[in-house]
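Observations on chain architecture
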Amino acid sequence: MRVKGYFWGCLSSATYGLIPLFAIPILKKGMLYDSVLFYRFTCTSLLIALLILVKKESFAITKKELLPLVSLGILFAMSAQFLFWGYQFIAVGTAATILFLYPVFVALLMAILFKEKIPKVSQLAIIIAFLGVSLLYKGENGTSLNLFGVGLLLLSALFYAIYIVIVNKSSVRNMSGYKLTLYAMIFSSLFFLVKASLSGGVEAFPDTISLVDLLMLALLATVVSNIAMVYSVQYIGSTATAVLGAMEPVTAVCVGIFAFKEVFTKNLALGILLIVIAVSLIVLSDIISKKIKFKVKHKPKLGNR
């Protein structure tokens, strides 16, 4: 069972890391962000709705659940919007690594909004995480990342962190993962439909290849990623699944190198490593803290000589 869980966890994070592989070629052909994201979330909604039908789950939601679901849809949409904007200024591997900071923002939000104490392990992890970002920011040849692009990606990570906090703290926290994802995707789709309508309407696909890329963006990088995450959590729990999320920036870096000929530098490698370590420490902070307390509590007393 655990082997299956690790497989689904790796599949979830790896497929999510494929977003730039399918999105950037469409954007380079001149298609606007709002249209691409509208098609992405609409296709995703249809595919998840089909899955719910097959599983014979209910589509019903309560009035109490409506507002949180609308909020989740807008937050997910904003996270995707800022990520796609960030691709204009930052290499895709670096962009995905910065986005991977979202657990750091979750820890900070929980401390600020719900007065949850940040364990010392997590405090150390936050320092390590921003040290990792500083390494990404400064290139080995003296050049620096576009500060505006870094800001966009940090906003993307922040909006996704708020999304996670609302899932955990609102009336939808016990909702089926499939249903929650469906309605979040529907409201994300409506968000971009409205935006596209205000700027001339949803665009047609420039060619057949773009249509294929869009379908793969919706199927692999969104539907498969979300479903695999649900299965992974069922088999090995949310903590291990979150740790396996480290595959996401690694996949995106590989996409950047092999698909878009981006340069892999020592600073990028070290920055990724530090951020992955930091996120893993945050995810595992409760377990580590408990083990440290247990060892201190059961430390053998030394007798006098």
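Since this is a predicted model, take the numbers as computed values, not measurements.

Turning our attention to the overall build of the protein. When its secondary structure is counted, the protein shows 13 helices and zero strands. The globule rule puts the C-alpha radius of gyration for 305 residues at 19 Å, and the 20 Å found for the protein is close to it. Projected onto its principal axes, the C-alpha positions of the protein cover 85 × 55 × 35 Å. Within the protein, buried positions represent 49% of all 305 residues. Looking at the protein alone, contacts between residues at least 24 apart form 88% of all its contacts between residues at least 6 apart. Looking at the protein as shown, the accessible area adds up to about 15700 Å², and 69% of this sits on carbon and sulfur atoms. Looking at the protein, you have 27 positive and 11 negative side-chain charges, and the mean spots of the two groups are 17 Å apart.

With that out of the way, let us pick up the packing of aromatic side chains. The geometry of two aromatic rings is summed up by the distance between their centres and the angle between their planes. According to the stated counting rule, one finds 16 aromatic pairs in the structure shown. Geometrically, the ring pair formed by F7 and W8 is edge-to-face, given 5.3 Å between the ring centres and 65 degrees between the ring planes. A ring pair is formed by F41 and F76, whose centres lie 5.7 Å apart and whose planes are at 80 degrees; its orientation type is edge-to-face. With F41 in helix α3 (residues 33-55) and F76 in helix α4 (residues 63-86), this residue pair connects regions lying 35 residues apart in the sequence. Side by side, F41 and F76 carry an identical accessibility label, which is buried. One aromatic cluster in this structure is built from F41, F76, F100, Y102, Y160, Y163, F191 and F192. Sitting above the plane of the F114 ring, K169 keeps its charged end 5.1 Å from the centroid.

Now for unusual backbone geometry. In the Ramachandran plot, K56 falls in the positive-phi region, its phi being about 60 degrees despite a non-glycine side chain. By relative accessible area, which is 76% here, K56 ends up exposed. Not every positive phi belongs to a glycine, and K261 is a case in point at roughly 55 degrees.

With that settled, consider the environment of I48. Mapped onto the secondary structure, I48 falls in helix α3. On the basis of relative accessible area, I48 is assigned to the buried category, the value being 3%. Separated by ten residues in sequence, I48 and F38 place their C-alpha atoms 15 Å apart. Ignoring anything within four residues of it in the chain, the contact list for I48 reads Y178, T181, L182, M185 and V223.

Parameters and conventions
Along each chain, residue indices are assigned from 1 in the same order as the chain's sequence is written. Reporting in this predicted model follows two pLDDT cut-offs: at least 70 for local features of residues, and 80 or more for side-chain atom pairs to be given and counted; totals over whole chains, interfaces and linings ignore these cut-offs and use all residues. Working from all heavy atoms in the structure, the side-chain values ignore hydrogens and water. Where helices and strands are cited, they refer to DSSP runs of H or I of at least four residues and of E of at least two residues respectively, numbered from the N terminus. Throughout, radius of gyration means the C-alpha value; the globule benchmark is 2.2 Å times the number of residues raised to the power 0.38. Only protein chains enter the area calculation, which uses a 1.4 Å probe; residues under 20% of their type maximum are buried, those over 50% are exposed, and those in between are partly exposed. Contacts are assigned to residue pairs with any non-hydrogen atoms lying within 4.5 Å of each other. For the area figures, the Shrake-Rupley method with a 1.4 Å probe applies, and any residue is considered shielded solely by the protein chains shown. Residues scored as charged are limited to Lys and Arg (positive) and Asp and Glu (negative), so that His and the chain ends carry no count. Charge coordinates come from a single atom per side chain, which is NZ of Lys, CZ of Arg, CG of Asp or CD of Glu. Pairs were defined over the aromatic rings of Phe, Tyr and Trp, the Trp ring being its six-membered one, requiring ring centres within 6.5 Å. Orientation was assigned from the angle between planes: stacked under 30 degrees, edge-to-face over 60, tilted for the rest. A ring is considered to have a charge above it if a Lys NZ or an Arg CZ atom is located within 6 Å of its centre and within 35 degrees of its normal.

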